[in-house]
Amino acid sequence: MVAHIATSMKPKSNSTNNTNNCGSNGYSSEGSSGTNSNSSSPPPSPPQPRLTRTLSQCRRRLRSKTYSLVRRENLSSGLNFRWNLRYLLVLPLLYVSGLFMCVGPFSGLLGYASVPGSVYRSHENFQRLWDDIRFDKSSALQLSSVWKYKRRLKVQKPCPNSTARNHFPMYRASIMESPGSSGYLIVDANGGLNQQRSAICNAVAVAGLLNAILVIPQFELNSVWRDPSQFGDIYDVDRFVDNLKGYVNVVTELPEALMERYDHNISNIPNLRVQAWAPVNYYLGVVHPILRDQGVIRIAPFANRLTMNVSPHIQLLRCIANYKALKFSLPISTLAEKLVNRMIERSSRTGGKYVSVHLRFEQDMVAFSCCVYDGGEGEKLDMDSFREKGWKGKFKRKDRVVVPALNRVEGKCPLTPVEVGLMLRGMGFDNNTSIYLASGNIYQAEKHLAPLLKMFPLLYTKDSLATPDELAPFKGYSSRLAALDYTVSLFSEVFVTTQGGNFPHFLMGHRRFLFGGHAKTIKPDKRKLVVLLQDMSISWKAFKDEMEVMLTESDRKGMTVPRVKKFNRKTSIYTYPLPECACLQQSNNSKLKLADSADVLKSYHESMR
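Residues numbered from 1 in each chain as written. Predicted model: local features only at pLDDT ≥ 70, side-chain atom pairs only at ≥ 80, totals over all residues. Heavy atoms only, no water.

Looking at the overall build of the chain
Selection rule: Only DSSP runs of H or I covering at least 4 residues are called helices, and only runs of E covering at least 2 are called strands; the numbering of each starts at the N terminus. Summary of the burial criterion: residues with accessible area below 20% of their type's maximum are buried, those above 50% are exposed, and those between are partly exposed, where the area comes from a 1.4 Å probe applied to protein chains only. Note on contacts: a residue pair is in contact if any heavy atoms of the two residues lie within 4.5 Å. Computed by Shrake-Rupley with a 1.4 Å probe, the accessible areas treat only the displayed protein chains as cover when residues are assessed.
Helix and strand counts for the chain stand at 25 helices and twelve strands. The burial tally for the chain puts 54% of its 609 residues in the buried class. For the chain, the share of sequence-separated contacts (at least 6 apart) that also reach a separation of at least 24 residues comes to 82%. Accessible surface computed for the chain: about 26,900 Å², of which carbon and sulfur atoms make up 52%.

As C-alpha cells, this is what we get:
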C-alpha cells in the first residue's frame, strides 16, 4: 500500500500567496494567508504552552539590551543626530541577530535553553508512543458526532433578480450616462485553480460595477503550475453564462469590429495595470472613463485586483459566480462524482463518512518553506538543489535573515504525514476511519507515508480510487487534478487543513455555504502542536487530552462568523460567505441544523444539473 501511494501521488498547484524567502544556509516558511481564525466573538482560548513565555523572555533580554544601549548613547555627549540615527538603524539588526542566537544553532553556546517546539522529533515520538496508540482501548470518535456546535439559521429573503447596477443610485449618473453597456472587460486570471477562481469571481463583480460585458476570462500559463488549461477545460461555460444573466452579460469573444481594430489579437489591446485590492472609487473614477472611451479594457494580471470591502450587491455577484455559476466541466465533474461515491463505498465501517486531509508535504512546498525535518545532510542537499533549480538565486540573497527553528515554533512549517496521523489518532479517530489524501507528490513518500498508513490503513488518493484510464486525460494538468481533490474534499464529513493557501480558504468557505454555516474543518494550532510533538516525555493520555481540546476549538471556530468583518484576505467572502451569500442557500429552515454531508451531496448534484 505504501509503495502504491508513494508512486501514484501526482503534483498539484501551490498557492501563490507564499511570500517568505530563505537564505542559502537557512530555511524560511511559507507565507500563509489564513492559518489563524479572525473571530472576535468566541470565548477565550486555553492558555498557550510555555513556548510563548520562553520566546518572550528571550526577546525581553534583547529589548532591554538595546534600550540600555540607546539610553547610554543619548546620555553621552559629543554624539550628534547623525550618529544617533546610525545606531537606531543598527539596533534592529542587533535584535534580529540576538533572536537568532536565542533560538538558532548558537543558543547552546550562550547558555539559552532550546525553545520548545523548535526541533522536529515527531517521528521519534511516534515510535515511542506506537504501542500505546495501537493498544488504546478507549472508545473511538464517531464521525457522525464530531461536530457539536450548531448555528440558528435565519429565514432568508430571496436574492434580487435585477441587475446589480440598478442598486447604485449614487453611481448611476457616472455609469448610466448612455443606454447600453460601458464596454467589454477582458481579464487574465493567473495562479493555480483557486486563485484563478478568485479572479473570475472578482471579474464578475467588476463587470457588474462598471456595467461592462465580461469576456470569458483568459487563463495565464504559469511557470510553476505549467497547466495550459483554459476556462472551458475547467468550468462549464454555458452554465456560467446562463447563471449570470440578469446580473452580468458574459460573452465568449469580442465582436468582430473590435477584433479587427486590434488585428484579431487580444494581446494587442493595451493592458491596464490596476493596483492590488483597488477600491470601488478607483474603478469608477479611473477605469470606467477609459472603458467608455475605448470600448474595451484588458486587465492583466487580475488576481486580487478588487477590494474585499464592497457594497452588498457587488458582494452578491461574487456569491453568484462562486456558488452558482462556476461548475466544473463535464469530464472533471463526472470523474469527481465517481471518486466521491467510491470513497463513500469504502467508508462502510463509518456509515459512508470519511475524512479528507489537504497535505502540503510535497517537495516544492518543503523546499519553499525551508523548514528542517529529520533527513539530515541529505535532506539539506535535496532542498538546496530544488530551491536553486526552481527559484534560482532567490534564496541566496544576503539580506535574508531566516531561522529554521523560529519558523517551526511559529507554526509555519508544513505538517508531515506522521504529525497528521498522531493528531487525528489523538483526537479519537481510530484505524477504521477512511481518509482521502488531497495532495501532490509527497516528499520521500514511502518513508513519510509509512507511519500514517500504520495508523490509518484505509488511506486513499485520487490515484488509488480511479483507474489509470480514467486519470489519463488529467495527467499533466495540475488544475484539473486539483479540481478532483477539491470535490472529494468538499463532501467529506471532516476536512483537515495543514497549511494555508487558496485551496483551504475556498474549500472552508464552500463548506460553510453547504453545511449550514459550519466549515466542518480541523484547523490545528500548529504552534501548540509542535511543542507537544517535541516533548519526549509526554504520555499518550496527556497528548490525547490536548488534541481533544484542539478538536473542540476547531468545532467552535468552524461555525463562528467574525463579529466585525474587515474583509481582508483572512476574512474574505470566499472564506466567510455568510450572511452575504445566504440568499443563495437551498434551505430556509430557521431551526437548529447542521447539514449532513450525504444530504448536501444529493442536493448539490440536483442544483448543479
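Considering the sheet that holds strand 11 (residues 521–522)
Operational definition: We call two strands paired when DSSP finds no fewer than two bridges between them.
Strand order in the open sheet formed by five strands is 9-8-7-10-11, and the pairing between neighbours is parallel. Where the open sheet ends on each side, the last strands, each with one partner, are strand 9 (459–460) and strand 11. One ladder, built from two bridges, connects strand 8 (residues 435–438) with strand 9; its direction is parallel. Bridge pairing in strand 9 links Ile-435 to Leu-459.

Structural notes on the state of the cysteines
For the record, the criterion: Cysteine sulfur atoms are paired as a disulfide whenever they come within 2.5 Å of each other.
On inspection of all chains with the given rule, the structure shows two disulfides. What pairs with Cys-371 in a disulfide is Cys-413, and their sulfur atoms sit 2.1 Å apart. Judged by the sign of its S-S torsion, about -90 degrees, the cystine formed by Cys-371 and Cys-413 is left-handed. Pair noted here: Cys-371 is in the loop between helix 14 (363–369) and helix 15 (376–391) and Cys-413 is in the loop between helix 16 (404–409) and helix 17 (417–427), with a separation of 42 residues, a long-range link.

Brief notes about the packing of aromatic side chains
The line we're drawing: Only the six-membered ring of Trp is used, alongside the rings of Phe and Tyr, when aromatic pairs are assigned; centres must lie within 6.5 Å, and planes under 30 degrees apart are stacked while those over 60 apart are edge-to-face, with the rest tilted. We call a charge positioned above a ring when the Lys NZ or Arg CZ atom is no farther than 6 Å from the ring centre and deviates by at most 35 degrees from the ring normal.
What the rule picks out here adds up to 16 aromatic pairs. Ring pairing ties together the aromatic residues Phe-219, Phe-231, Tyr-235, Phe-240, Phe-328, Tyr-486 and Phe-503, which thus form one cluster. If you follow Arg-480 out to its NZ or CZ, it ends over the ring of Tyr-477, 3.7 Å from the centre. In this structure, Lys-520 is placed above the aromatic ring of Phe-515, and the distance from its NZ or CZ to the ring centre is 4.3 Å.

Observations concerning the pattern of salt bridges
Here is the rule we go by: Here a salt bridge means any side-chain nitrogen of Lys or Arg lying within 4 Å of a carboxyl oxygen belonging to Asp or Glu.
With the rule as written, the count across this model stands at 22 salt bridges. Note that Asp-545 and Lys-541 form a salt bridge whose closest N and O atoms lie 3.3 Å from each other. You can see Asp-545 and its partner Lys-541 sitting in helix 24 (residues 540–558), four residues apart, about one turn around the helix. Residue classification places Asp-545 among the partly exposed residues on the basis of a relative accessible area of 36%. Taken together, the shared-partner salt bridges connect Lys-338, Arg-342 and Glu-470 into one network.

Thoughts on helix 24
Side chains that are three or four residues apart share a direction in an α-helix, a result of its 3.6 residues per turn. How we decide: A helix is expected to span 1.5 Å multiplied by its residue count minus one.
Taking 1.5 Å per residue as the helical rise, helix 24 with its 19 residues ought to reach 27 Å, and the 26 Å between its terminal C-alpha atoms agrees with that figure. Within helix 24, the full set of buried residues consists of Trp-540, Phe-543, Lys-544, Met-547, Met-550, Leu-551, Glu-553, Ser-554, Asp-555, Arg-556 and Gly-558. Buried residues in helix 24 make contact with helix 5 (122–134), helix 17, helix 22 (502–514), strand 11 and helix 23 (526–534).

What about the pairing of strand 10 (residues 494–497)?
For clarity, the cut-off: The path from the first strand over the helix to the second decides the hand: if it runs clockwise while the strands point away from the viewer, the crossover is right-handed.
Residues Val-494 and Val-496 of strand 10 are buried on one face, and the alternating residues Phe-495 and Thr-497, pointing to the opposite face, are buried as well. Taken together, the four bridges between strand 7 (residues 355–358) and strand 10 define a ladder with parallel strand orientation. Paired with Val-355 across the bridge in strand 10 is Val-494. Bridging between strand 10 and strand 11 involves two bridges; their strand directions are parallel. Across the sheet, Val-496 pairs through a bridge with Ile-522, a residue of strand 11. Handedness of the crossover joining strand 10 and strand 11 through helix 22 is recorded here as right-handed.

Observations concerning the packing of helix 7 (residues 193–210) against helix 12 (residues 312–325)
Heads up, the condition is: Here the axes come from fitting lines to C-alpha atoms, over the contacting stretch only for helices, and the angles between their N-to-C directions go from 0 to 180 degrees. Angle categories: roughly parallel below 35 degrees, roughly antiparallel above 145, roughly perpendicular from 65 to 115, and oblique for all the rest. Working rule for handedness: look at the near helix, and if it is turned counterclockwise from the far one by less than a right angle, call the crossing left-handed; if clockwise, right-handed. All residues other than Ala, Val, Leu, Ile, Met, Phe, Trp, Tyr, Cys, Pro, Asp, Glu, Lys and Arg, Gly among them, are scored as polar; the first ten of these are nonpolar and the last four charged.
Closest axis-to-axis distance for the helix 7/helix 12 pair is 8 Å, and the angle between their directions is 135 degrees. Taken together, the axes of helix 7 and helix 12 are oblique relative to one another. In this structure, helix 7 meets helix 12 at a crossing whose hand is right-handed. Taken together, the residues of helix 12 that come into contact with helix 7 (itself represented by Arg-197, Cys-201, Asn-202, Val-204, Ala-205, Gly-208 and Leu-209) are Ile-314, Leu-317, Arg-318, Ala-321 and Asn-322. Across the contact of helix 7 with helix 12, the residue classes tally to seven nonpolar, three polar and two charged.

With respect to the nonpolar core
The cut-off we apply is this: Only buried Ala, Val, Leu, Ile, Met, Phe, Trp, Tyr and Cys residues count toward a nonpolar core, and they belong to the same one when joined by side-chain atoms within 4.5 Å.
Counting 89 residues, the largest nonpolar core has Leu-185, Leu-214, Tyr-235, Phe-240, Tyr-283 and Leu-484 as its most contacted members. When residues in this core are grouped by element, the largest group, eleven residues, is from helix 7.

Let's talk about unusual backbone geometry
That bond from Ala-300 to Pro-301 is cis: its omega, -5 degrees, falls within 30 degrees of zero. Residues other than glycine seldom take positive phi values, yet Gln-444 does so here, at roughly 45 degrees. Positionally, Gln-444 belongs in the loop between strand 8 and helix 18 (445–455). Owing to a relative accessible area of 35%, Gln-444 belongs among the partly exposed residues under this scheme. Although it is not a glycine, Lys-520 sits at a positive phi angle of roughly 50 degrees. Locating Lys-520 in the fold gives a position in the loop between helix 22 and strand 11. A relative accessible area of 1% places Lys-520 in the buried class.

Considerations on the side chain of Glu-419
Definition in use: We call two N or O atoms a polar contact when they sit within 3.5 Å, provided that within protein one can donate a hydrogen and the other can accept it, with sequence-adjacent residues counted only if both atoms are side-chain atoms.
Relative to the assigned elements, Glu-419 resides in helix 17. Among the polar contacts listed, one links the side chain of Glu-419 to the side chain of Ser-122, at a separation of 2.7 Å. Here the side chain of Glu-419 touches Arg-408 through a polar contact of 2.8 Å, side chain to side chain. If sequence neighbours within four positions are ignored, Glu-419 has contacts with Tyr-120, Ser-122, Arg-408, Pro-414 and Leu-533.

A few points about the environment of Thr-575
Residue placement: Thr-575 occurs in the loop between helix 24 and strand 12 (592–593). What makes Thr-575 buried here is its relative accessible area of 4%. Linking Thr-575 and Gly-509, residues 66 residues apart in sequence, is a C-alpha distance of 3.9 Å. When residues no more than four places from it in sequence are discounted, the contact partners of Thr-575 are His-505, Met-508, Gly-509 and Arg-512.

Remarks on the confidence of the model for the chain
Keep this limit in mind: Per-residue confidence from the predictor is given as pLDDT, running between 0 and 100.
Within the chain, residue pLDDT values average 81, and 72% of them lie at 70 or more. For the stretch residues 23–56, pLDDT sits under 50, and the model shows 96 contacts to residues farther than four places along the chain or on other chains. Taken together, the stretch residues 168–174 has pLDDT below 50 and engages in nine contacts with residues farther than four places along the chain or on a different chain.

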